[in-house]
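Analysis of the macromolecular model
Next come the chains, spelled out residue by residue.
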Amino acid sequence: MATRRSTTVSRFIAAPPERIYRAFLDAEAVATWLPPGSMRGIVHAFEGREGGAFSMSLVYPDDEACQPGKTSDKTDRFEGRFASLVPDERIVWATVFDSEDESFSGEMMVSTTLSPADGGTDVTMVCDNVPSGIRLEDNEEGCRLTLGNLAAFVGG
């Protein structure tokens, strides 16, 4: 039986839960804050509602080395759905990566919890069923960078 692979990353964001929640439901917003590091996001489809589907690509800069097992040399494409939405409290994405490499296959669940805190919101992102081809350390770092982008996007 396979070992459960998961990561958890948290960050305080000096913005109210409502503002952060809205940033998850807007395609242009997600394309701005989701890509970690120097990557850029392209939204192909987006239905910001429970059960709604989405499709995105994260594109590496031209000067960055190729990453093995991705959709192509410079692109990570993924599809998913909003598995659960609790307004201003919780967002659950079910995501599937587009890759011919089986080590990147399977559905990864990304659960984000928004907890009101003094002066803002504690945001916790849990990734469950991380594909074996993704190093857990890389997943954690990507989530940290993404939460930093989210904080900058919402003004916190």
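Use the structure listed above.
Here we take up the nonpolar core. I13, I20, W33, I91, W93 and L150 are the most contacted members of the largest nonpolar core, which has 35 residues in total. With five residues, helix α3 (residues 136-154) is the largest single contributor of residues to this core. Excluding anything up to four places from it in sequence, I13 contacts I20, G120, T121, V123, L147, L150, A151, V154 and G156.

Another aspect to go through is the pairing of strand β7 (residues 120-128). The side chains of a regular strand alternate, first on one face of the sheet and then on the other. Where strand β1 (residues 6-13) and β7 come together, eight bridges link them in antiparallel fashion. Across the sheet, F12 pairs through a bridge with D122, a residue of β7. Where strand β6 (residues 107-117) meets β7, nine bridges bridge the pair, whose relative direction is antiparallel. Counted as the bridge partner of L114 is V123 from β7.

Analysis parameters
- Residues numbered from 1 in each chain as written.
- Predicted model: local features only at pLDDT ≥ 70, side-chain atom pairs only at ≥ 80, totals over all residues.
- Heavy atoms only, no water.
- Core = buried A, V, L, I, M, F, W, Y, C linked by side-chain atoms within 4.5 Å.
- Buried < 20%, exposed > 50% of the residue type's maximum accessible area, 1.4 Å probe, protein only.
- Helix = DSSP H or I, 4+ residues; strand = E, 2+ residues; numbered from the N terminus.
- Contact = heavy atoms within 4.5 Å.
- Pairing = 2+ DSSP bridges.

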